Amino acid sequence: MKTLRRCTPIVLNVGQHELYSSSLGHVSVAQPKHSSIPDHSASSLSNDETFVPSKINYSRFINKLSSKRSASLLREICSKLDHLPPTCIKFAIGVPNVLTFPFKKVSVELITGESIELQGEELSIALQYLPSQGYRPLINILQKLQDSFHGPQNWENRAIMVTSGTQDALSKAVDMLMSFNDPVLLPDPIYSGAIDLFKPYDVEIITMKQDSSGIIVEDVKKVLMERKEKMQSIPKVIYLNPIASNPGGTTLTTNRKREIYQLACEYNMLILEDDPYYYLNFGQKNPVSLMSMDIEGRVLRFDSFSKIMSSGLRVGFVTGPKMLVRQMELHMQTSSINASSLSQMLLYKLLSKWGIDGFTSHTMQVKKFYQQKRDHTMQAVEKELKGLAEWYEPTGGMFLWLKIIGLNDTKPLVTSRCLKKLVVLAPGYAFATNYTNSSPYVRISYSIATQEEIDRGISLLAESIREELKLI
Ligand SMILES: Cc1ncc(COP(=O)(O)O)c(C=O)c1O
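This one's a predicted model, so the numbers in the text were calculated from it and none came from an experiment.

Points about unusual backbone geometry
Omega for the bond connecting Asp-188 with Pro-189 falls within 30 degrees of zero, at 5°, which places this linkage in the cis form. Position of Pro-189 among the secondary structure elements: in the loop between strand 6 (183-187) and helix 6 (192-198). In this structure, Pro-247 follows Asn-246 across a cis peptide bond, with omega equal to 15°. Tracing the backbone shows Pro-247 in the loop between strand 10 (237-240) and helix 8 (254-266). With phi around 60°, Leu-422 is a residue other than glycine that occupies positive phi space. Considering the arrangement of structural elements, one finds Leu-422 in the loop between helix 11 (411-420) and strand 16 (426-427). Residue classification places Leu-422 among the exposed residues on the basis of 9 C-beta atoms within 10 Å.

Structure (structure tokens):
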């Protein structure tokens, strides 16, 4: 049993607007209370250690553009409507009338044979704009999900916003945090959709090298210490894709996560925990997240339904300090307004039907599916690529990251030789923090290939590597 730690509630004006108030307010914070970093895991979820806000001044993290965002008056009114009695006459709202829409019923059949039906009031909600933060009943379920997988959270201080996939949330976070030429700590290799968000800010990329256990923290410590000694600016942000990473397939150990979190506290940094493969980790236990260690309000966590429900629904969500999530919500108010209402309603219906147990058993099935694919891929790779390539066995997810022995640049192999044999791979340079680098790596995604395709594809890759090596 963990020591119980009671939280002093953070006093937030943000997000607690009266109708027609658009001031952003300020964050008033309590004293730091942590002496140790909690370690929530699936086996220790009954404790209530949670986010105790410290003296973080979030203005360090909010760039000039973002700080100029103010609440959209009409979106604010919209978000308050749920709290008003149904007899209220809504003259202020410029939304279309759902009676004019051509849909009478939305019916979805599940693979279990069960169905979800939307009609009447629920259909009206699904066909209409929503508050930018998301559909409140769905957010309530997502809070329970986070509580059960990451330990009970203090929802006085933390908030969730539903987004159009994780990518949408990541892009809003980067656009809030980064200023031109800022230094930033990024893993190499990195998810290409992340590096593409940072690059336009001409950031100074400080790369974090990885081994089979994820980011090598000692290197990060050294870099930060040196920068401090030389009075160079300290990065505000560390981006991590900690579990079954894309493209590396590696998982950051809990100890390393703890060390990274400590560094974030010591150097006043925020952590972007991009974790779409959390439910696809092949380990026995649920991994410990950085958010579950976050006692100071330094982690923005990004979850996705893309890999476990449907990538086409385009639903993900960000969980983090209320003030930061609210700032991202202001961006949502003026960009896509809200993540798809229909998708949110479908997910709400499904998750309320399943409960946490049903959700867990579904994700276990998905995990098993990819684990079998991984196992088959590993057999093929052991048979065909020994001596031609090096790899770490993927710890989850859908990617195998191969280093081709004897090739400095896999571009010709991928874009010409393999392509001619109709084998399409992702070249390593696409995941480098510096696009101009040549890379000896290729990424294989085993998610959609059949067993026969995996066997044939890996065999053709081996043949292509041999041909390519003869040319050198
Ligand atoms: C590491 C990582 N982050 C984010 C995303 C984007 O996911 P979503 O579909 O939720 O936008 C992906 C998708 O491949 C990914 O691999």
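Concerning the nonpolar core
Core analysis: the largest hydrophobic core is formed by 69 residues, its most contacted members being Ala-173, Ile-271 and Val-318. Every residue in contact with Ile-271, bar those within four places of it in the chain, is listed here: Ile-238, Leu-240, Ile-260, Tyr-261, Ala-264, Leu-290, Arg-298 and Val-299.

Quick notes on helix 10 (residues 341-384)
Compared with the 64 Å implied by 1.5 Å per residue over 44 residues, the 47 Å span of helix 10 between its first and last C-alpha is markedly short. Of all bends in helix 10, the biggest is about 100°, found at Gly-355.

A closer look at the site of the ligand
Around the ligand, a shell composed of 13 residues is seen, among which Gly-165, Thr-166, Gln-167, Ser-304 and Ser-306 lie nearest. Per-element tally for the shell around the ligand: the top contributor is helix 5 (residues 165-177), with three residues. Class assignment of the residues belonging to the shell around the ligand gives a composition of two nonpolar, 10 polar and one charged.

Focus on the pairing of strand 12 (residues 299-304)
Of all the six residues making up strand 12, six are buried; the element is thus mostly covered by neighbouring parts of the structure. Bridge count between strand 12 and strand 13 (residues 316-321): four bridges; the pairing is antiparallel. Across the sheet, residue Asp-303 finds its bridge partner in strand 13, namely Phe-317.

Points about the sheet that holds strand 16
On the basis of which strands lie adjacent, the open sheet formed by four strands has the order 14-15-17-16 and antiparallel pairing. Whereas interior strands pair on both sides, the edge strands pair on one side only; in this sheet they are strand 14 (389-391) and strand 16. Here strand 14 pairs with strand 15 (residues 399-404) via three bridges, running antiparallel. By the bridge assignment for strand 15, Glu-390 is matched with Lys-403.

What counts as what
- Residues numbered from 1 in each chain as written.
- Predicted model: local features only at pLDDT ≥ 70, side-chain atom pairs only at ≥ 80, totals over all residues.
- Helix = DSSP H or I, 4+ residues; strand = E, 2+ residues; numbered from the N terminus.
- Buried ≥ 20, exposed ≤ 12 C-beta atoms within 10 Å, placed from the backbone.
- Core = buried A, V, L, I, M, F, W, Y, C linked by C-beta atoms within 7 Å.
- Contact = placed C-beta atoms within 7 Å.
- Expected span 1.5 Å × (residues − 1).
- Bend = angle between axes of the 7 residues up to and from the residue.
- Near = placed C-beta within 6 Å.
- Nonpolar A, V, L, I, M, F, W, Y, C, P; charged D, E, K, R; others polar.
- Pairing = 2+ DSSP bridges.

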